Amino acid sequence: EYEAEEFLKRYIPVAKHVLVNSNEEAEEAAIKIKFPLVLKVISQDALHKSEIDGVKIIETGEKYLETYRELVNKCKKIKLDGILVQEFIKGEYVIIGLKKDVVFGHIIVFGIGGIYTELLKDVSFRVCPITLKDAEEMINEIKMKEILFGFRGRNKVNIALLKEVLVKVSNIPSKNPSIAEMDINPFVINEKNGFVVDARILVE
């Protein structure tokens, strides 16, 4: 995730983050990023962090270092690359992905994100690269699009920004053809801005 997010920073907004490996580094990261923030286990042995309870949202500094140490101790049986300290972003969760198809080449995928992505399977597809019009069509094709347009009193997300991000992601393969698969899940977007908060990239 850390490498993927560092790569994506060149193209689209990514939540502030620091990879830490000590109490001192964790303290410095918290001062830099500020609360609330998120702690995440970063390990090739734990790509699905929810399965090991490897993500913690920290509202204040009261139990911050205690939670950091708990995550480190939990990972004694796996190869730990570090703990990612990341700013907490409020908003709606969407998934943005790339897949390399043998026939069509790179395809961009968009849908409602978060832990229910695989269950809902509410996604739309286009061949890369796409236009702003294509991006608008992709957004309107998903069944749960009303979540993005202010369903039941929620704030409408920044649709213009979301379309721009989809177009920018669709152009990434032209300069990086070795990408076999990429999952940004979630990209968190609200009425003002949006950021990558979790990503994985598979390279050929």
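Residues numbered from 1 in each chain as written. Predicted model: local features only at pLDDT ≥ 70, side-chain atom pairs only at ≥ 80, totals over all residues. Heavy atoms only, no water.

Caption draft 1: Spatial organisation of helix α3 (residues 64-74). Those residues of α3 that fall on the buried side of the exposure criterion are Y64, T67, Y68 and L71. Each buried residue of α3 sits inside an arc of 105° when the element is viewed along its axis, so together they form one side. Taken together, the buried residues of α3 touch β1 (17-20), α2 (23-33), β2 (37-42), β3 (55-58) and β4 (82-87). (Buried < 20%, exposed > 50% of the residue type's maximum accessible area, 1.4 Å probe, protein only. Helix = DSSP H or I, 4+ residues; strand = E, 2+ residues; numbered from the N terminus. Arc of directions from axis to C-beta. Contact = heavy atoms within 4.5 Å.)

Caption draft 2: Broad picture of the sheet that holds β3. Strand order in this open sheet of 4 strands is β1-β4-β2-β3, and the pairing throughout is antiparallel. The open sheet has two edge strands, β1 and β3, and neither has a second partner. Strand-to-strand twist across the sheet, computed as the mean angle between neighbouring axes with direction ignored, equals 20°. The pairing of β2 with β4 spans 6 bridges and is antiparallel. By the bridge assignment, L39 is partnered in β4 with V85. Relative to the sheet, α2 contacts β1, β2 and β4, its axis offset from that of β1 by approximately 175°. Most of the contacts of α3 go to β2, to which it runs at about 15°, and overall it touches β1, β2, β3 and β4. (Pairing = 2+ DSSP bridges. Axes fitted to C-alpha atoms, helices over the stretch in contact; angles between N-to-C directions.)

Caption draft 3: A negative patch on the surface, seen in detail. A cluster of acidic residues, E24, E25, E27 and E28, forms a negative patch on the protein surface. Here E25 shows up in helix α2. You can call E25 partly exposed: its relative accessible area is 35%. (Patch = residues over 30% accessible without salt bridge, like charges linked within 9 Å, V, L, I, M, F, W, Y side chains within 5 Å. Areas by Shrake-Rupley, 256 points an atom, 1.4 Å probe, with all protein chains shown as cover. Salt bridge = Lys/Arg side-chain N within 4 Å of Asp/Glu carboxyl O. Lys, Arg positive; Asp, Glu negative; His and termini not counted. Charge placed at Lys NZ, Arg CZ, Asp CG, Glu CD.)

Caption draft 4: The arrangement of the pattern of salt bridges in detail. One pass over the structure, following the stated rule, counts 14 salt bridges. K40 is paired through a salt bridge with E1; the nearest N and O atoms lie 3.1 Å apart. Taken together, the positions of K40 in strand β2 and E1 in the segment before α1 (2-8) put the pair 39 residues apart, joining distant regions of the chain. As far as burial versus exposure is concerned, K40 and E1 are alike and both buried. Here D198 ties to R200 by a salt bridge, and the two come within 3.6 Å at their closest N and O atoms. Note on R200: relative accessible area 27%, which makes it partly exposed. Because the salt bridges share partners, they merge into one network encompassing E1, K40, D198 and R200.

Caption draft 5: How the structure looks around the pairing of β4. The element β4 is extensively covered by neighbouring structure, given that 6 of its 6 residues are classed as buried. By the alternation rule, side chains of β4 split into G82, L84 and Q86 and I83, V85 and E87, which are all buried.

Caption draft 6: Quick look at the packing of aromatic side chains. Under the counting rule described, the total for this entry stands at 2 aromatic pairs. Ring geometry for F7 and Y11: centres 5.4 Å apart, planes at 50°, overall tilted. Seen in terms of ring centroids, F35 and Y64 are 5.4 Å apart; in terms of plane orientation they differ by 90°. Their pairing is edge-to-face. Remark: Y64 occurs in helix α3 and F35 occurs in the loop between α2 and β2; sequence separation between them is 29 residues. Residue classification places F35 among the partly exposed positions, given a relative accessible area of 32%. Residue classification places Y64 among the buried residues on the basis of a relative accessible area of 4%. (Phe/Tyr/Trp six-rings, centres within 6.5 Å; stacked < 30°, edge-to-face > 60°.)

Caption draft 7: Region of the structure containing the nonpolar core. L8, I96, I108, F110, L148, V169 and I184 are the most contacted members of the largest nonpolar core, which has 34 residues in total. Those elements that provide at least two residues to this core are α1, β5 (92-101), β6 (105-112), α5 (132-141), α6 (159-175) and β8 (179-189). No other element matches α6, which puts 8 residues into this core. Setting aside residues no more than four positions away along its own chain, I96 makes contact with I108, V109, F110, V165, L166, V169, M182, D183, I184 and F187. The next biggest cluster of nonpolar side chains, apart from the first, holds 15 residues, and it includes V20, Y64, Y68 and C75. (Core = buried A, V, L, I, M, F, W, Y, C linked by side-chain atoms within 4.5 Å.)

Caption draft 8: Up close: a nonpolar patch on the surface. A surface patch of nonpolar side chains, amounting to about 460 Å² of accessible area, comprises V102, V103, F104 and V127. For V102, a relative accessible area of 84% puts it in the exposed group.

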